[in-house]
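Remarks on the overall topology
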Number of protein chains: 2
Amino acid sequence: MAREDRIELKARMVTERLATLSAQPLADFAVLERLICQRAQEAPAHADLVREGESSAGIRMMLGGWACRYKMLVNGRRQLLSFVLPGELCDPYMHLLARMDHSLAALTPVTYAQLGREESERLVHDHPAVARALWIQTMFEIGVEREWTASLGQRVAFQRLAHLFCDIYLRLNMTGIAEDNWCDFPPTQGDIGDATGLSSVHVNRTLQDLRAANLITLTNKRLFIRNLEALKSAALFRPSYGVVAH
Amino acid sequence: MAREDRIELKARMVTERLATLSAQPLADFAVLERLICQRAQEAPAHADLVREGESSAGIRMMLGGWACRYKMLVNGRRQLLSFVLPGELCDPYMHLLARMDHSLAALTPVTYAQLGREESERLVHDHPAVARALWIQTMFEIGVEREWTASLGQRVAFQRLAHLFCDIYLRLNMTGIAEDNWCDFPPTQGDIGDATGLSSVHVNRTLQDLRAANLITLTNKRLFIRNLEALKSAALFRPSYGVVAH
DNA sequence: CGTTACATTGAGTTCGATCAAGCTTAGTGG
DNA sequence: CCACTAAGCTTGATCGAACTCAATGTAACG
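Below you will find a few notes about this structure. Small disclaimer: the values here were computed from a predicted structure and weren't measured.

Quick look at the interface of chain A and chain B
Residue-level contacts link 48 residues of chain A with 48 residues of chain B. Of the roughly 4500 Å² buried at the junction of chain A and chain B (both faces included), carbon and sulfur atoms supply 61%. Run the count over chain A and chain B and you get eight salt bridges. Here Asp101 of chain B makes a salt bridge to Arg146 of chain A, at a shortest N to O gap of 3.8 Å. Our enumeration of links across chain A and chain B arrives at 15 residue pairs in polar contact (both at pLDDT 80 or more). Those elements that place two or more of their residues in the side of chain A that touches chain B are β4 (67-72), β5 (78-84), α3 (117-126) and α4 (128-154) of chain A. Examining the composition of the side of chain A that touches chain B, we find that 15 residues originate from one element, α4 of chain A, more than from any other. The residue makeup of the side of chain A that touches chain B, split by class, is 21 nonpolar, 11 polar and 16 charged.

Some remarks on the sheet that holds strand β6 (residues 103-106) of chain B
Residues and elements named next belong to chain B. What the four strands build is an open sheet, ordered β2-β6-β4-β5; its pairing is antiparallel. Both edges of this open sheet fall to β2 (48-50) and β5 (78-84), since each of them pairs with a single strand only. Sheet twist, expressed as the average angle between the axes of neighbouring strands with direction ignored, equals 35°. Sitting on the sheet, helix α4 (residues 128-154) touches β4 (67-72) and β5, and the angle it makes with β5 is about 140°.

Brief notes about the layout of surface pockets
Any empty space left between the atoms is revealed when a probe the size of a water molecule rolls over them. The space that makes up the largest pocket amounts to roughly 900 Å³. Considering the residues around the largest pocket, the lining is formed by 22 residues, among which Val124, Ala131 and Trp135 of chain A together with Val124 and Ala131 of chain B are closest to the centre. Elements supplying a minimum of two residues to the lining of the largest pocket: α3 and α4 of chain A together with α3 (117-126) and α4 of chain B. Counted by class, the lining of the largest pocket contains 14 nonpolar, four polar and four charged residues. Of the pockets and cavities examined, the second largest pocket occupies roughly 210 Å³. Lining the second largest pocket are 16 residues, with Leu152 and Arg160 of chain A together with Leu152, Arg160 and Gly197 of chain B sitting closest to its centre. Among the elements of the structure, α4 of chain A together with α4 of chain B are those that each provide at least two residues to the lining of the second largest pocket. Grouping the amino acids of the lining of the second largest pocket by side-chain chemistry returns four nonpolar, six polar and six charged.

Considering the protein's contact with DNA strand C
DNA strand C sits among 15 residues. The nearest are Ala157 of chain A together with Gln189, Asn204, Arg205 and Gln208 of chain B. The share of sugar and phosphate among atoms of DNA strand C within 4 Å of the protein is 55%. Here a phosphate oxygen of DNA strand C and a backbone polar atom of Gly197 of chain A are 3.4 Å apart. Interatomic distance of 3.0 Å between a side-chain N/O atom of Ser199 of chain A and a phosphate oxygen of DNA strand C. Of all the secondary structure elements, the ones that give two or more residues to the surface near DNA strand C are α7 (200-212) of chain A together with α7 (200-212) of chain B.

Thresholds, definitions, all that
Just so you know, the residues in each chain are numbered from 1, in the order the chain's sequence is written. Going through the entries in the order they are written, you letter the chains from A and number the ligands from 1. Two thresholds apply to this predicted model, a pLDDT of at least 70 for residue-level local features and 80 or more for giving and counting side-chain atom pairs, whereas whole-chain, interface and lining totals are computed over all residues. Each side-chain value is derived from all of the structure's non-hydrogen atoms; neither hydrogens nor water enter the calculation. It only takes one pair of heavy atoms within 4.5 Å for two residues to be counted as in contact. What counts as buried area is the accessible surface, traced by a 1.4 Å probe, that two parts surrender upon association, with contributions from both included. Every case where a carboxyl oxygen of Asp or Glu lies within 4 Å of a side-chain nitrogen of Lys or Arg is listed as a salt bridge. Polar contacts, as used here, are pairs of N or O atoms within 3.5 Å; protein pairs need one atom able to donate a hydrogen and one able to accept it. Residues neighboring in sequence count only if both atoms are side-chain atoms. Elements are defined by DSSP. Helices are runs of H or I of four residues or more, strands are runs of E of two residues or more, and each kind is numbered from the N terminus. Under the grouping applied here, Gly and all other residues not named as nonpolar or charged are polar, the nonpolar ones being Ala, Val, Leu, Ile, Met, Phe, Trp, Tyr, Cys and Pro and the charged ones Asp, Glu, Lys and Arg. In short, DSSP must find at least two bridges between two strands for them to pair. Axis definition: a line fit to C-alpha positions, over the contact stretch in the case of helices; interaxial angles, taken between N-to-C directions, run 0 to 180 degrees. Lining residues are defined by having an atom within 4 Å of a point belonging to a cavity or pocket. Those points lie on a 1 Å grid over the protein atoms alone, cavities being sets where a 1.4 Å probe fits but cannot get out and pockets being open sets with protein on both sides within 12 Å along at least five of seven lines. Grid points are joined across faces, edges and corners, and a volume is the space filled by probe spheres set on the points. Working definition: residue near molecule or strand if any one of its non-hydrogen atoms lies within 4 Å of it.

Next up, the structure:
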């Protein structure tokens, strides 16, 4: 398949997601879809797409690959705030602020669409339906981050990892990227540790526990959920952010 | 001072904050200010203003007193997501989603302005400047929550509490409510525990450590910061969200 | 003046961190 | 094609931060 066709498919994935989430017709997103195709670009794994403190550019959407939002503390420790999956916004509406309050890094090679600041402002100004959908997607992602915060504060390691796997699988499933309880899972155990506030050693041991409990297998960057209901229940999973737009 | 006058003062505090944060003239917020005065109401301490899962109403602004956003896990544990201080938005733009993904509770008796959903949508539709400012304030508050997430994942108890105190004092200071290193601090040690992901027992002991280190005193719901610079440094505090609008 | 909520202290325990080593895999270049 | 390297994964041993349970102290309040 030619590069252009692939990009078009991915752009369609983004707009379909926005249409569903905002309960608006796909036609409302034609302009956005074209813009995405024009502004698609790539970055290699481990590249920082933007760093904390830098001036924030315009709207950026993930078309393929995984990225993460993160913060570095002055003592050198890193906290991942969330994973950015295909079809999601990278740093929704950050262009309203002067500077980024967090960084954004590619975990795998990524394809993404990057609009300029002016362009973004014009887009949301001229197309209220698009603006609305982007905001809804933004609030959705913030809901995911909030659930994550609850994890860090209140769940033990086993529950945290279980919750992470539920969350990721179901989000990928929403965009049609994962099914049959399988999905890609590129983060290293170190990345998982930075996301869950655990050491990579403890992540390793807890993964073994999850395997032993027959909940998942995770090998070669592929996640298989052996028992989704059991995993949800182990994770204290209650998807309050699965809810769609008003 | 008459009730109306007090409300007007508080409404002015809100609009001044929005004007500063969005770098827009105060005049842009005249309509909002009037609306706030009309829609002001009260709630007692411990009241839930809205609960997770409920349909989300319109824009709500805190005029006086403290509230908190929180989530309950199915195992009964509670995680506070953030404190809502006077002048801040309670659940910014949640009305875009069908349901609340978290709850909102008063920690003290509170005064707040509650707009209806229709009213909110009309307001932001007819007054783009107001809409813009509200979004900027929203992104600001999300930045605070993100820093909080980093705290939960990467800071030890001592640093977490230190960070909390820096954060709260400086946010109150922004709105002119705190100065000279003094401020109200109504949350109980239990509340602090739910916010920081620590047990109340450990909060108690860590507070003693902070006192012993001559950083703060906290008695009778009043916080005194004895050495702000030392506290910041103990907290690994770097105010990336202190930055104002573009 | 009893009741209730909150704060404090002590003792024992555990979850997860750190340190340190060995192992596996994939990639690179001679 | 193999030697070498670098990342990441795995395991063991030890340690410490924070938890739980339980009791006591204190202060506000009807």
